[in-house]
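This is what each chain is made of:
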There are 2 protein chains.
Amino acid sequence: MKTVRNTRQRNAILKNIREAEGPLSVAEIHERAGREIPGLGIATVYRAIKALREDEEIVVVELPGEEPRYEPVGRGHHHHFRCLSCRQTFDLDMCPVGIPQGTTLPGGYVVEDHSLTLYGRCSDCLN
Amino acid sequence: MKTVRNTRQRNAILKNIREAEGPLSVAEIHERAGREIPGLGIATVYRAIKALREDEEIVVVELPGEEPRYEPVGRGHHHHFRCLSCRQTFDLDMCPVGIPQGTTLPGGYVVEDHSLTLYGRCSDCLN
DNA sequence: GTAGATGCAAACGCTTTGCCGCTTA
DNA sequence: TAAGCGGCAAAGCGTTTGCATCTAC
């Protein structure tokens, strides 16, 4: 039986993912957690992410053309907004896609799920 | 002045992208064009894609969590359907996203563009 | 004949793995 | 004190680049 241990590294990694305003990339996690744990290895970040996903503490968020990002589980069905200026990714809690599960589209495609990313400027970058 | 040449390799690559039912990945392009040009190098495919993008013959299509794919220019604003069974990607000509350019969302995000991918089963895989 | 294209192999950048000393329980 | 964990460095893997050869024009 495999026991999961509480280490400074994993605590810092999970804490940073939880406190972020949106999903974080591996590099962002490494950078943020590395401020608390100097010398934190990148391999440790990858291994912690893998373990946290298996424990269902975090989920992967895939955006078009970008590295995988990670956020805590339980945020429910939501989409993301990507600022074209500062390149930050934010969570949105609305869903403007009018296609219920089970809809059949022209061409015979039966829809089960969807992924939407909006692009533009966040309020900080508009000024 | 740089002249673009007509070579068997590039012709085969562009032809296969044009004749596909949806956007193709590098591996798919290499595999299909390689049937016409045995020994076709993967570097040639990458370089042809780069040149075709610069000539605006093709555009890149990014889907969440997948390799970049390529399709001919001029297909206009559209989205993609990804079959969860056969893993093929198809073009859709409808847009069920009710957010015009310039809309400001709660949180102060101003939307300029969006990317939508639908997931489900294509008609071939439903039977 | 020459600039541009190709194929091969080496170089790259990011992710994963092996090894071994360190730490948590 | 032992199983799990962390750091380092090497291995993988897809993409890009350098180089010598070949080819379209």
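Keep in mind the model is a prediction, meaning the values are calculated, not measured.

Conventions used here
Residues numbered from 1 in each chain as written. Chains lettered and ligands numbered in written order. Predicted model: local features only at pLDDT ≥ 70, side-chain atom pairs only at ≥ 80, totals over all residues. Heavy atoms only, no water. Buried < 20%, exposed > 50% of the residue type's maximum accessible area, 1.4 Å probe, protein only. Helix = DSSP H or I, 4+ residues; strand = E, 2+ residues; numbered from the N terminus. Arc of directions from axis to C-beta. Contact = heavy atoms within 4.5 Å. Axes fitted to C-alpha atoms, helices over the stretch in contact; angles between N-to-C directions. Parallel < 35°, antiparallel > 145°, perpendicular 65-115°, else oblique. Left-handed = near helix turned anticlockwise from the far one by under 90°. Near = heavy atom within 4 Å. Polar contact = N/O pair within 3.5 Å; in protein donor to acceptor, adjacent residues only side chain to side chain. Nonpolar A, V, L, I, M, F, W, Y, C, P; charged D, E, K, R; others polar. Pairing = 2+ DSSP bridges. Phe/Tyr/Trp six-rings, centres within 6.5 Å; stacked < 30°, edge-to-face > 60°. Buried area = accessible area lost by both parts, 1.4 Å probe. Salt bridge = Lys/Arg side-chain N within 4 Å of Asp/Glu carboxyl O.

As a further point, take helix α2 (residues 26–36) of chain B. Owing to its 3.6 residues per turn, the α-helix aligns residues three or four sequence positions apart on the same side. Residue and element names in this part refer to chain B. The complete set of buried residues in α2 reads Val26, Ile29 and Ala33. Down the axis of α2, the sector holding all buried residues measures 60°, keeping them to one side. The exposed residues of α2 that point more than 90 degrees off its buried face are Ala27 and Arg35. Against α1 (8–19), β1 (24–25), α3 (42–54) and β3 (69–72) lie the buried residues of α2.

The relative placement of two packed helices comes down to the angle between their axes together with the axis-to-axis distance. All names here are of chain B. For the pair α2 and α3, interaxial distance at closest approach is 10 Å and the crossing angle is 115°. Considered as vectors, α2 and α3 are oriented roughly perpendicular to each other. Considering the relative orientation of α2 and α3, their crossing is right-handed. Only Ile42, Val45, Tyr46 and Ile49 of α3 make contact with α2, whose side of the interface consists of Val26, Ile29 and His30.

In this section: the protein's contact with DNA strand C. Neighbouring DNA strand C are 19 residues, the closest being A:Tyr46, B:Lys2, B:Arg5, B:Thr7 and B:Thr44. Protein-proximal atoms of DNA strand C, defined as those within 4 Å of the protein, fall in sugar or phosphate at a share of 67%. Separating a base oxygen of DNA strand C from a side-chain N or O atom of A:Arg5 is a distance of 3.1 Å. Side-chain polar atom of B:Gln9 to a sugar or linking oxygen of DNA strand C: 3.2 Å apart, as the coordinates give it. Secondary structure elements with two or more residues in the surface near DNA strand C: α3 (42–54) of chain A together with α1 and α3 of chain B. Classifying every residue of the surface near DNA strand C by side-chain character gives six nonpolar, seven polar and six charged.

Attention shifts here to the sheet that holds β3(B). By way of backbone hydrogen bonds, the strands of a sheet pair with one another, either parallel or antiparallel. Residue and element names in this part refer to chain B. The strand order β1-β3-β2 describes an open sheet built from three strands, whose pairing is antiparallel. Where the open sheet ends on each side, the last strands, each with one partner, are β1 and β2 (58–61). One ladder, built from two bridges, connects β1 with β3; its direction is antiparallel. Following the sheet pairing, Ser25 is matched in β3 by Arg69.

Taken together, 19 residues lie around DNA strand D, and A:Arg5, A:Thr7, A:Arg10, A:Thr44 and B:Tyr46 are the ones closest in. Take A:Thr44: an N or O atom from its side chain is 2.8 Å from a phosphate oxygen of DNA strand D. With respect to DNA strand D, the side chain of A:Arg47 contributes an N or O atom lying 3.0 Å from a base nitrogen. Put simply, the parts of the chain that give the surface near DNA strand D at least two residues each are α1 (8–19) and α3 of chain A together with α3 of chain B. Tallied by class, the residues present in the surface near DNA strand D amount to six nonpolar, seven polar and six charged.

What follows deals with the packing of aromatic side chains. Summed over all chains, the structure comprises four aromatic pairs over all chains. On the numbers, 5.2 Å between centres and 40° between planes, the contact of A:Phe90 with B:Tyr109 is tilted. Of this pair, A:Phe90 sits in strand β5 (residues 89–92) while B:Tyr109 sits in strand β7 (residues 109–121), each in a different chain. Members of the aromatic cluster, connected to one another through ring pairs, are A:Phe81, A:Phe90 and B:Tyr109.

A few words on the interface of chain B and chain A. Many descriptions give the size of an interface as the accessible area lost when the pieces come together. Listed per partner, the contact involves 32 residues of chain B and 32 residues of chain A. In total, about 2,600 Å² of surface goes out of reach between chain B and chain A, with carbon and sulfur atoms giving 67% of it. Applying the counting rule to chain B against chain A returns two salt bridges. In this structure, A:Glu112 and B:Arg121 form a salt bridge, with 2.9 Å as the shortest nitrogen-oxygen distance. Linking chain B with chain A are twelve residue pairs in polar contact (both at pLDDT 80 or more), by the criterion used here. Counting only elements with at least two residues in the side of chain B that touches chain A, the list comes to β5 (89–92) and β7 of chain B. For the side of chain B that touches chain A, the class distribution of residues is 19 nonpolar, nine polar and four charged. Both strand β7 (residues 109–121) of chain A and β7(B) contribute to a ladder of eleven bridges, which runs antiparallel.

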